[in-house]
Amino acid sequence: MYGRVYNFNPGPAVLPESVLEKARDEMMNYKGTGISVMEMSHRSKEFEEIIQNAEASVRRIMNVPDNYDILFLQGGASLQFAMVPMNLYIDGKPVDVIHTGAWTKKAIGELKRITQYSLAWDGEPLKFSHIPTQEELKLEKNASYVHICSNNTIFGTQWREFPATGEVPLVADMSSDIMSRVIDVSLFGLIFAGVQKNVGSAGATLVIIRKDLVDRCKDSVSVILQYKTHIKEKSLYHTPPCYAIYISGLVLGWIEKQGGLSAIEKINEEKARILYDAIDSSDFYYATIKDKESRSRMNVNYRIKGNNEELEDRFVKEAKKNGLVGLKGHRSVGGLRASLYNALSIDGVKTLVEFMNEFAKKNG
Ligand code: PMP
C-alpha cells in the first residue's frame, strides 16, 4: 500500500509500520494540542508524559530493578565511550576491555585519553571472528569496570552468555541488540545503546545505570557529562531529543504488544536460523563467522564463495530492484550483511532467502 520494501539496514533501521502510522496520525495535532511533538515544549505536561511513559516501558520490558536509573541522553553510543570512563573510572584501577570489534576499538580510543585500561582479551588476531569463553579472559580483580560490546554490528558476532566479572561492574554497549532478547539487567553496572536500531529513531541514547555507581564521578567532570546531573533532572537537564524519545515510546509500546522480550527473542532466533541455515546449506554463499556459538542473530555477515566483489555488488543491486535494501556489508569488511532487527519480519527473511536462491541459480 505504501510501496515499502524489506529493510535490512544496520542502523538507523526498520521501524514497525504501525509505529510509523501512529506517528503520521499524530503528526499535525498531537492528542488535541493542535501542534506536533516536534513543536512542543519539553517542559509541557504532554511531553513529560511521553518521556515518563517511555522510561516506564523500558523498566517493564527489561525488568529493570529499582536500584537502576534509566536515562535518555544525546550524543549517541559514541559519547558513552567517553562518558562511561569519565564517570566510572577509579584512579589506579585500569578499565578491563574485552576487545571484540570495531566498536570496542572506538571505546578504547576514548579510554586512552581518559583512563588507564588493559585488554582482558584481544580478538584482533582472529579478525574478530570469535567471542571468548570465560576461560579465555584475563580479568583483573582490581579493575574499575569491564567493558564489552554485546553485539558486534560490523563483524556479526554476539555474546550468548555474558562474562562473570565478580564484584567488578560489567558495562555493555548494547546498541545493536538491546531488547532483542531477554537479559538479566542485574548482571550489569551500566548498559547503553543508541536507540536507532531496535528502539526508535536516531538521536536518543538509552542508559541504564546502577545507582551506587553514580557517585564515583569526580566534580571536575563537566556537569553535562555527569550521569548524576541527568538522573536528578530526569533526562530533562537540557532540551532532550524529543521526537526520538516519542518514537522510542511508540516502539516500546509495540514491543509490549508483541508479548515482550521472550516473544521477540523467539522470533529473532527463528529469523536468524532461517538465514544461517540457507547460507550454511548453500554451495554459493558462506557465513564469515564460522564459530556458530559466536554468530550474531542481529547482523548476519556472509559472502559469495570466492569473494567475487563484482558479483556481490550485483547481488546488492538486484536485491534492491527486488525490494530488499541495505544488504551491503560494512565498508571495512566488504561482503554482504543482513541486519534482522526486531521490526524486520520473518516474511522479510524468507523473501531474502528466496532471492538468494534465485541469484545463486543464475550466477552459480
Ligand atoms: N556501538 C555499536 C555496537 C554500534 O553498532 C554503533 C553504531 N552502529 C555505535 C556503537 C555507535 O553509535 P552512535 O552512532 O549512536 O554513536
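Just above, that's the structure.
Here the residue numbering is sequential within each chain, running from 1 through the sequence in written order. Confidence filtering applies because this is a predicted model: local features only for residues at pLDDT of at least 70, side-chain atom pairs given and counted only at 80 or more, and all residues used for totals across whole chains, interfaces and linings. The side-chain figures draw on all heavy atoms in the structure; neither hydrogens nor water molecules are used.

(A) Seen up close, the environment of Lys271. Under the DSSP-based scheme used, a helix requires at least four consecutive residues in state H or I and a strand at least two consecutive residues in state E, with every element numbered from the N terminus. Position of Lys271 among the secondary structure elements: in helix α7 (residues 260-280). You can call Lys271 buried: its relative accessible area is 0%. Any pair of residues with heavy atoms lying within 4.5 Å of one another is described as a contacting pair. For Lys271, the contacting residues outside a window of four places in its chain are Leu340, Tyr341, Asn342, Leu344, Ser345, Ile346 and Val349. Nitrogen and oxygen atoms within 3.5 Å of one another constitute a polar contact, given that in protein one can donate a hydrogen and the other can accept it, and given that sequence-neighbouring residues count only through two side-chain atoms. Among the polar contacts made by the side chain of Lys271, one reaches the side chain of Asn268 at a distance of 2.9 Å. Only protein chains enter the accessibility calculation, which uses a 1.4 Å probe; a residue whose area is less than 20% of its type maximum is buried, one above 50% is exposed, and one in between is partly exposed.

(B) The packing of aromatic side chains, seen in detail. Centre distance within 6.5 Å is the pairing criterion for rings of Phe, Tyr and Trp, where only the six-membered ring of Trp is used; planes under 30 degrees apart are then read as stacked, over 60 as edge-to-face, and the remainder as tilted. Per the stated rule, a full pass over the model turns up 13 aromatic pairs. Aromatic ring contacts, followed pair by pair, group Phe284, Tyr285, Tyr302, Phe315, Phe355 and Phe359 into a single cluster.

(C) Just the sheet that holds strand β11 (residues 285-287), in detail. Any two strands between which DSSP finds at least two bridges are classified as paired. Overall, antiparallel pairing links the 3 strands, which are arranged β11-β12-β14 in an open sheet. The two strands at the open ends of the sheet, each matched to only one other strand, are β11 and β14 (336-339). On average, adjacent strands in this sheet sit at an angle of 35° to one another, irrespective of strand direction. Pairing analysis gives 4 bridges linking strand β12 (residues 299-304) to β14, with the strands arranged antiparallel. Bridge pairing links Val300 to Ala338 in β14. Lines fitted to the C-alpha atoms define the axes, with helices restricted to the stretch that makes contact. Angles between their N-to-C directions range from 0 to 180 degrees.

On their own, these measurements won't tell you what the molecule is for.
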